[in-house]
Amino acid sequence: MNKSLNTTRTVLILLIGVFIIARLALPEYAKHVINQQLGNLKEYRGHVEDVSLAIWRGAYSVQGVMIEKRDGHAQAPLFISNEIDFSLDWSSLLHGEVLADIRFVGPEINFVDQKKDGDQTGKDQDWREVVKSLVPITINTFQIQSGAIHFRNFASSPPVNLQLSELDIVVSNLTNADRSKKAQQARIDGSGKMLDHAPFEVYGILDPLGNLENFDINLRISDIAVSYTHLRAHETG
């Protein structure tokens, strides 16, 4: 009897030890895989600084994300984000579907007009293919918190930095799974500020991973300062 209890105890200790080791090793392995994939982009390269796992809620997050142009000529990275959180939508599992929620915290995109050394527009890479190649999973919710988009020209005098800031955007039913049966429509709802001061709202439907020509987007901008617009127009020449 005592021998049986000792054997069971030993097995349990070994299993717990294996679980702890796996739990400690998985973030580093996930970080290696993600950085390897981001390193295989054509005109760009990227990396993440850290990966955190929350197995109990079926989630992981990556911190310190950056994607920049390989030639290094652009004076700002194409994309950075403080954190990207991926989590399973548990309610959908009850209906036999595997859905995910993705949340970007503090993301920033920089488009650069830089004719001498080449523009940075992101068009050199098909980002939809990058998303679809990661994993065939239906994204239930795509959320941006405190985001920003910059349109920069460092060579002009003075340098231009037109931006959309304080972006809070939710896109639902965004999918990169099998699309052979029919196109998928995603709904977008968001708000932010244009040129640092004018609040705007955007809402509508689109098929971001299919034919981008099929969309219905509505944009409303309030209280934009005319003098500010004239100033920026003059700066861009």
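The structure this text deals with has already been given above.
Here's what I pulled together on the structure shown here.

**A look at the environment of M194**
Here's step 1: Structurally, M194 is set in strand 9 (residues 186–194).
Here's step 2: Owing to a relative accessible area of 19%, M194 belongs among the buried residues under this scheme.
Here's step 3: Spatially, the C-alpha atom of M194 lies 9.7 Å from that of I149, the residues being 45 residues apart in sequence.
Here's step 4: Apart from the residues lying within four places of it in its own chain, the contact partners of M194 are Q163, L164, F200 and I221.

**Re unusual backbone geometry**
Here's step 1: Phi at S146 is positive, roughly 55 degrees, even though this residue is not glycine.
Here's step 2: Note that S146 resides in strand 7 (residues 138–153).
Here's step 3: S146 gets classed as exposed once you look at its relative accessible area, which sits at 55%.
Here's step 4: Even without being a glycine, E166 presents a positive backbone phi close to 50 degrees.
Here's step 5: By the element assignment, E166 lies in strand 8 (residues 160–175).

**Some remarks on the pattern of salt bridges**
Proximity of charged atoms lets side chains of opposite charge pair with each other.
Here's step 1: With the rule as written, the count across this model stands at five salt bridges.
Here's step 2: The shortest N-O distance in the salt bridge between R45 and E68 comes to 3.2 Å. One end of the pair, R45, is in strand 1 (residues 44–47); the other, E68, is in strand 3 (residues 59–69), and 23 residues separate them in sequence.
Here's step 3: By relative accessible area, E68 is classed as partly exposed at 26%.
Here's step 4: With a shortest N-O distance of 2.6 Å, E201 and R220 are connected by a salt bridge. With E201 in strand 10 (residues 198–206) and R220 in strand 11 (residues 215–221), the pair connects residues that are 19 residues apart, well separated along the chain.

**A few points about the pairing of strand 9**
Here's step 1: Side chains A186, I188, G190, G192 and M194 project from strand 9 onto a buried face, and the interleaved R187, D189, S191 and K193 project onto a face without burial.
Here's step 2: Here nine bridges tie strand 9 to strand 10, and the two strands are oriented antiparallel to one another. When the sheet's bridge partners are listed, D189 is paired in strand 10 with Y203.
Here's step 3: Between strand 9 and strand 10, which pair antiparallel in sequence order, lie three residues; one of them, L195, sits at a positive phi of approximately 55 degrees.

**Some words on the packing of aromatic side chains**
Here's step 1: Scanning the model with the defined rule gives four aromatic pairs in all.
Here's step 2: Between Y60 and F86 the ring centres are 4.8 Å apart and the planes differ by 15 degrees, which places this aromatic pair in the stacked class. Placement of the pair is Y60 in strand 3 and F86 in strand 4 (residues 79–88), with a sequence separation of 26 residues.
Here's step 3: The class of F86 is partly exposed, set by a relative accessible area of 23%.
Here's step 4: An aromatic cluster of three or more residues is present, and its members are F79, F104 and F142.

What counts and how
Residues numbered from 1 in each chain as written. Predicted model: local features only at pLDDT ≥ 70, side-chain atom pairs only at ≥ 80, totals over all residues. Heavy atoms only, no water. Helix = DSSP H or I, 4+ residues; strand = E, 2+ residues; numbered from the N terminus. Buried < 20%, exposed > 50% of the residue type's maximum accessible area, 1.4 Å probe, protein only. Contact = heavy atoms within 4.5 Å. Salt bridge = Lys/Arg side-chain N within 4 Å of Asp/Glu carboxyl O. Pairing = 2+ DSSP bridges. Phe/Tyr/Trp six-rings, centres within 6.5 Å; stacked < 30°, edge-to-face > 60°.

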